[in-house]
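# Secondary and tertiary structure notes
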Amino acid sequence: GEYTVNITQKQENGDTVVTEKSLKVEPTTSDNTGKNTQKITVDALPTEGAAVAEIVGGEKYTSLAEAIKAAKEGDTIKLLNSVTIDTWTQVWNTKNLTIDGNGKTITINKIESNGNGNYLFYGAENLNVSNMTVNLPENGSGFDMLSGTLENVTVNGGTYAVVTGVAPEGQRVEIKNCTFAGQTGMAIYTEENGKAVGTVIEGCTFDS
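Reference entry: report on the structure contained in this document. Worth saying up front: this structure is predicted, and the values here are computed from it rather than measured. (Residues numbered from 1 in each chain as written. Predicted model: local features only at pLDDT ≥ 70, side-chain atom pairs only at ≥ 80, totals over all residues. Heavy atoms only, no water.)

## A look at the overall build of the protein chain
Secondary structure summary: the protein chain contains one helix and 22 strands in total. Expressed as a percentage of its 208 residues, the buried residues of the protein chain come to 40%. Considering only residue pairs separated by 6 or more positions, the protein chain has 49% of its internal contacts joining residues 24 or more positions apart. If you sum the accessible surface of the protein chain, you get close to 11,200 Å²; carbon and sulfur atoms cover 42% of it. (Helix = DSSP H or I, 4+ residues; strand = E, 2+ residues; numbered from the N terminus. Buried < 20%, exposed > 50% of the residue type's maximum accessible area, 1.4 Å probe, protein only. Contact = heavy atoms within 4.5 Å. Areas by Shrake-Rupley, 256 points an atom, 1.4 Å probe, with all protein chains shown as cover.)

## Here's the deal with the pairing of strand E12 (residues 119-135)
Taken together, the two bridges between strand E9 (residues 91-92) and E12 define a ladder with parallel strand orientation. Bridge pairing in E12 links valine 91 to phenylalanine 121. Looking at chain direction, strand E10 (residues 95-108) and E12 are connected through nine bridges and run parallel. Across the sheet, isoleucine 99 pairs through a bridge with valine 129, a residue of E12. (Pairing = 2+ DSSP bridges.)

## Quick look at the side chain of threonine 16
One can find threonine 16 in strand E2 (residues 16-30). The buried category is assigned to threonine 16, whose relative accessible area is 10%. When near neighbours in sequence (up to four residues on either side) are disregarded, threonine 16 contacts Thr8, Gln9, Lys10, Ser82, Val83 and Thr84.

## Section: unusual backbone geometry
Phi is positive for asparagine 131, which is not a glycine, with a value near 55°. Among the secondary structure elements, asparagine 131 is positioned in strand E12. The exposure class of asparagine 131 is partly exposed, given its relative accessible area of 32%. In the Ramachandran plot, asparagine 152 falls in the positive-phi region, its phi being about 55° despite a non-glycine side chain. Relative to the elements of secondary structure, asparagine 152 occurs in strand E14 (residues 148-156).

## Examining the pattern of salt bridges
All chains considered together, the criterion is met by two salt bridges. The salt bridge involving arginine 172 is made with glutamate 174; its shortest N-O contact spans 2.9 Å. Take glutamate 174: its relative accessible area is 17%, and that puts it in the buried class. Where glutamate 174 meets lysine 176, a salt bridge forms, and the shortest distance between an N and an O atom there is 3.3 Å. We classify lysine 176 as partly exposed; its relative accessible area is 24%. One continuous salt-bridge network, built from bridges that share partners, spans Arg172, Glu174 and Lys176. (Salt bridge = Lys/Arg side-chain N within 4 Å of Asp/Glu carboxyl O.)

## Section: the environment of lysine 69
Relative to the elements of secondary structure, lysine 69 occurs in helix H1 (residues 64-70). The sequence separation of lysine 69 and valine 91 amounts to 22 residues, and the corresponding C-alpha distance is 8.8 Å.

## Describing the pairing of strand E15 (residues 160-164)
Among the five residues of E15, four are classified as buried, and the element is accordingly described as predominantly covered. Bridge count for strand E13 (residues 141-145) against E15 is three bridges, and the pairing is parallel. Paired with aspartate 144 across the strands is valine 163, a residue of E15.

In structure tokens form, the structure reads like this:
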């Protein structure tokens, strides 16, 4: 029959690339024992490190962290492969960054924070994330945002998927057509020190 398998490629100094491939098993002629053998073929991943993300109009990177580190305000980072990240180092106070998930999945095994919660991004302003799936570790959290958008994003697991602080004047957080599942605390926390923060939530699905 035909099967779908996940093949991983551990990249030195990069993220582990996870690629879904079709694997086909075909019967062949009998071997010298008189039994049928089977031939299994699957397309291999490139022998060299595959790019994980690119800054649109710029360089490609084998590590998402390196792409984020290199990005300037106003840049768009596009994911090129689904990846597993052993340890994510929390990103502080990023501004005006867009991440196009391109339908890919990020699986994170551990988050290293600065003692302020295990968030992927902390205090992000005008962070815009779309079209991706994020699998969080049990004690990890997703996006701590002051303003920006999440659209067509799925967040699985973790403590909080999204936490929104008080937005800068004239800005807000918009969360649209997202799916949140398996959070142990709260999928979206939209209050700070008793003050509502004006977050817009539309068309989202919640599954505890």
